[in-house]
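Examination of the molecular architecture
This is what each chain is made of:
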Amino acid sequence: MNNKFMNTIMKIIVVISMIIGAIFIALIFAKPSQATDQKEKIDKEIIYLDTKILMLINSLNNINLQNYQVSMSKIEEKNSSNEEQSGSSSGNKESMGGMEEEASNESSKTTGTEKSNNEEKITVTKMELEGGNSGNSEPNWKNMQSEAEMLLQAWSTIILDLYKTDVNKDEILNFSTTLDDVIVNLNKKDKTMSAMYMAKLYSYLPKFLGEKPNDKVLKTVIETKSHIINAYAYIETDNWDKIGEETNSASGVYAELMNDVDLAKDQRKYGINKSYVLLEEFKNSLGTKNKDVFYMKYKNLIEGLDWIE
């Protein structure tokens, strides 16, 4: 009787031990997976902040990054007995860091015809480059204020995820304070101070990625953009010395990425090399001390860096 009882107790102990062991092993393997998922989530949130802040600061000068829209139009043409006429759109070319690339090709084509009273209506679809850059136009303050409020709402969620990481908590609070400053100056319609606080706001993004980022390329790109955005803010005060300093800092940060031996294995190598050329062209153009040239080179460079992400 005692032996049976002892055997039962031993079996129970063995089963419990096995269950505890399985749970322990599961927890060990789950922690790295959870940490990876958390880092990936933070990366996506930083990219979101990057996009929103860039959109805000670019809006100060009505700079729109490259974006294409589809437009449709109808062309009325009279038929002739032996020939057809068709409309076409001509392409334009945009210089990107010394590399000639087509920004908009000849891309119109007939998609439908309607014949009536010896006339032909031809529907034409074409790709047009939307936006451009204008450093002198008045910003759409109302729209920017709305975008800043949307950013504030998103930040209230992102901040909870950042508190779960090893990011300096003071930096998180400083971001919140700076975002408030951005909103205050947008409401004042103060272009210079809005630019300065937006640049400061962006400077926290590399810090949120941490000392050991999940994606080293992403952090380098964000750091580089931060210095370029600082230069962009200084253009409002015509402080070309500071613009040069920030550009040199951007060049120094990016050089570390170019010298990285692991770069050869990265699928983004082409975009990384192209952005290096764009950065050098941006840097060389500062000698002109011309705002129009600055905005053009800035736009091309930011588009190139965005492509890497």
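Basis of the calculations
For every chain, the first residue of the written sequence is number 1, and numbering continues from 1 along that sequence. In keeping with the model being predicted, local features are shown solely for residues with a pLDDT of at least 70 and side-chain atom pairs are shown and tallied solely at 80 or more, while totals for entire chains, interfaces and linings include all residues. The side-chain figures draw on all heavy atoms in the structure; neither hydrogens nor water molecules are used. In DSSP terms, a helix is any run of H or I states spanning at least four residues, a strand is any run of E spanning at least two, and both are numbered starting from the N terminus. Working rule for contacts: check all heavy atoms of both residues, and any pair within 4.5 Å makes them a contact. Using a 1.4 Å probe, accessible areas were evaluated by the Shrake-Rupley method; residue-level cover was limited to the displayed protein chains. Note that patches include only residues with greater than 30% relative accessible area and no salt bridge, and the join distances are 9 Å for like charges and 5 Å for nonpolar side chains (Val, Leu, Ile, Met, Phe, Trp, Tyr). A carboxyl oxygen of Asp or Glu within 4 Å of a side-chain nitrogen of Lys or Arg is what we treat as a salt bridge. Burial status follows relative accessibility: with a 1.4 Å probe on protein chains alone, a residue under 20% of its type maximum counts as buried, one over 50% as exposed, and anything between as partly exposed. The term polar contact refers here to a pair of N or O atoms within 3.5 Å; inside protein, the definition further demands a hydrogen-donor-capable atom paired with an acceptor-capable atom, and it admits residues adjacent in sequence only when both atoms are side-chain atoms. Any helix carries an expected span of 1.5 Å times its number of residues minus one. Put simply, two rings from Phe, Tyr or Trp (the six-membered ring, in Trp's case) pair if the centres are within 6.5 Å, and we call them stacked under 30 degrees between planes, edge-to-face over 60, tilted for the rest.

Let us now look at the overall build of the protein. Each helix and strand counted, the protein has 9 helices and 5 strands in total. Tracing the protein from N to C terminus, the helices and strands come up as α-β-β-β-β-β-α-α-α-α-α-α-α-α. The long-range fraction of contacts in the protein, counting pairs at least 24 apart against all pairs at least 6 apart in sequence, stands at 71%. In the structure as shown, the protein presents an accessible area of about 18,100 Å², 51% of it carried by carbon and sulfur atoms.

Nonpolar side chains collect at one region of the surface, where I9, I12, I13 and I16 lie side by side and expose about 320 Å² of accessible area between them. Along the chain, I12 falls in helix α1 (residues 2-59). A relative accessible area of 43% means that I12 is categorised as partly exposed.

Applying the stated rule across the entire model yields 12 salt bridges. Here K225 makes a salt bridge to D50, at a shortest N to O gap of 2.8 Å. Of the two residues, K225 sits in helix α6 (residues 216-234) while D50 sits in helix α1, which places them 175 residues apart along the sequence. D50 carries the same exposure label as K225, and that label is buried. Here K52 and E147 are joined by a salt bridge, their closest N and O atoms 2.7 Å apart.

A few words now on the environment of W155. Assignment of secondary structure puts W155 in helix α2 (residues 141-162). Among the residues examined, W155 registers a relative accessible area of 3% and is labelled buried. The residues contacting W155, other than those within four sequence positions of it, are L49, L162, I172, F175, S176, L179 and F208.

The subject of this paragraph is the side chain of S176. Position of S176 relative to the elements: it lies in helix α3 (residues 169-188). On the basis of relative accessible area, S176 is assigned to the buried category, the value being 19%. Among the polar contacts made by the side chain of S176, one reaches the side chain of W155 at a distance of 2.8 Å. Discounting residues that sit within four places of it in the chain, S176 has contacts with W155 and I159.

This part is about α6. Under the 1.5 Å per step criterion, the end-to-end length of α6 is 28 Å for 19 residues, consistent within 8% with the ideal 27 Å. Judged by how many residues are buried, α6 sits mostly within the fold: 16 of 19 residues are covered. The backbone nitrogen of V217 lies 3.1 Å from a side-chain oxygen of the residue at the head of α6, namely D215.

Attention shifts here to the packing of aromatic side chains. Under the counting rule described, the total for this entry stands at 11 aromatic pairs. Considering the side-chain rings of W155 and F175, the 4.1 Å spacing of their centres and the 35° angle between planes classify their relative orientation as tilted. On the criterion of sequence distance, the pair formed by W155 in helix α2 and F175 in helix α3 is long-range, its members being 20 residues apart. The pair W155 / F175 is uniform in exposure class, with both members buried. With a centroid separation of 6.2 Å and 85° between ring planes, the pair formed by W240 and F294 is classed as edge-to-face. With W240 in helix α7 (residues 240-258) and F294 in helix α9 (residues 291-308), this pair connects stretches of sequence that are 54 residues apart. For the residue pair W240 and F294, the accessibility class agrees, reading buried in each case. Taken together, Y232, W240, F282, F294, Y295 and Y298 form an aromatic cluster joined through their ring pairs.

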